[in-house]
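# Architecture and fold: a report
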Amino acid sequence: MGDVENDALRHGFETRAIHAGQDPDPSSGAVVTPISLSTTFAQSDVGVHQGYEYSRSGNPTRTALETCVASLELADHGLAFASGLAAEDTVLSVLSSRDGGAPSGRVLLANDAYGGTFRLISKVWAPRGLAWSPVDLTDLDALVAGWPDDTTVLWLETPTNPLLTCVDIEAVSAIAHERGATVVVDNTFATPYLQQPLRLGADIVVHSATKYLGGHSDVVGGFVAVSDGTLAERLRFTQNAAGAVPAPFDCYLVLRGVKTLAVRMDRHCSNARAIVDLLVRHPAVERVFYPQLPDHPGHAAAAKQMADYGGMVSFTMAATDRLSGEDAARRVAAGTEVFTLAESLGAVESLIEHPAAMTHASAAGSALEVPASLVRLSVGIESSADLVADLEQALDDL
Ligand SMILES: *Cc1c(COP(=O)(O)O)cnc(C)c1O
């Protein structure tokens, strides 16, 4: 990690979020990175240009975003994509075939991975020949004992979605590397403000920029950060060859969101703590999942590798005389006013959802199935008193 780490040592996270890749525009002095809509770029002689030829291959607004988020992840290279899943698809394409031939090898996928990642691997890549198995990354002895010989990729999230289990990135990366596998960490929930997986030994970081990086529920985007130059070159080749690139306006929106990532994350974390304080003492709640809680699986890993515990909170509802846990969960999810009932996460507004019927419906019947009594919160940055009162009212009203 050459230049970027030097840059990182020179400037703090908040400064890089606002300035990395975003020098004033040399042609006009514009302080805000312009949205470069041009699809093609003039050449002064055949093959002589200023670094841009055609906007799928490279675009100045995209370069600004790629430089900025790479710097935040302490990565030497960053690649922006049209969505998180487009980023993941490109990573799977590169990791499953060294020479562009038929896919081979095996992905070990953390057993409470994001439903869309599970679907992409099991329904799109498995039929093409990429093997996969679900794994429990909280039991490292079992991971080592059950490690399939043909494993080429270990794919994990931490904190996971939706149970917020935390995985020791350093420990699992060492296990994977001893066995020749590449480690991919989906850093969507933590963001580079709270956790930098490459620094902990991971090889590739992926993001749904749709979530905290964008931060305002108004843009779909994806990102890949990597420091290995050969991997970066192969990813860049596929980014251009397969073409899952983001529009310049989308790059602008993510870049604008990233500028306030640090202050937003601080508020997401403190509001989440206020909500957790309510949930742990409320009798309608059976169990609370938040990495800061000492009894939470992976609390030690989170404390070791995260700067704070994030804005996502999940909980299961207790069954009552009248209601099953599932029915109670559905009622709470539909019973709030400030929390909006909706999928997605990571933006300024608070969201509530029922994973078994919504975000994780496609995992039903699989190893990645989630409890039917589970409710997931994406705690936003509204007034914490309003959020606590809103959720308390919904829990009291069952
Ligand atoms: C949303 C999400 C994705 C997929 O990203 P899209 O931008 O929706 O394609 C991947 N991983 C996690 C953890 C997510 O939350």
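Residues numbered from 1 in each chain as written. Predicted model: local features only at pLDDT ≥ 70, side-chain atom pairs only at ≥ 80, totals over all residues. Heavy atoms only, no water.

### A look at the side chain of Gln195
With respect to the element layout, Gln195 can be found in the loop between α8 (191-194) and β6 (204-208). Ignoring anything within four residues of it in the chain, the contact list for Gln195 reads Glu73, Thr158, Ile169, Asn187, Ala190, Leu200, Gln305 and Met306. (Helix = DSSP H or I, 4+ residues; strand = E, 2+ residues; numbered from the N terminus. Contact = heavy atoms within 4.5 Å.)

### Some details on a nonpolar patch on the surface
Together, Ile35, Leu37 and Phe249 make up an exposed nonpolar region whose accessible area comes to about 290 Å². As for its position among the elements, Phe249 is in helix α10 (residues 248-259). (Patch = residues over 30% accessible without salt bridge, like charges linked within 9 Å, V, L, I, M, F, W, Y side chains within 5 Å. Areas by Shrake-Rupley, 256 points an atom, 1.4 Å probe, with all protein chains shown as cover. Salt bridge = Lys/Arg side-chain N within 4 Å of Asp/Glu carboxyl O.)

### Focus: the sheet that holds strand β10 (residues 340-341)
Taken together, five strands build an open sheet; the order of strands is β8-β9-β12-β11-β10 and the sheet is mixed. In the strand order of this sheet, the two ends are held by β8 (285-289) and β10, each with one partner. Of the strand pairs in this sheet, strand β11 (residues 351-353) and strand β12 (residues 374-378) are connected by three bridges, and their pairing is antiparallel. Residue pairing in the sheet places Ile352 in a bridge with Leu377 of β12. Across the face of the sheet, helix α13 (residues 325-334) comes into contact with β9 (312-317), β10, β11 and β12 while running at roughly 135° to β9. (Pairing = 2+ DSSP bridges. Axes fitted to C-alpha atoms, helices over the stretch in contact; angles between N-to-C directions.)

### Some points on the site of the ligand
As a matter of local geometry, the ligand sits amid 14 residues, with Leu85, Asp186, Ser208, Thr210 and Lys211 nearest to it. Within the backbone of Gly84, an N or O atom sits 2.9 Å from an oxygen atom of the ligand. In the model, an oxygen atom of the ligand is placed 2.9 Å from a nitrogen or oxygen of the Leu85 main chain. Its free accessible area being 380 Å², the ligand has 92% of it covered by the protein chains. Classifying every residue of the shell around the ligand gives four nonpolar, six polar and four charged. (Near = heavy atom within 4 Å. Polar contact = N/O pair within 3.5 Å; in protein donor to acceptor, adjacent residues only side chain to side chain. Nonpolar A, V, L, I, M, F, W, Y, C, P; charged D, E, K, R; others polar.)

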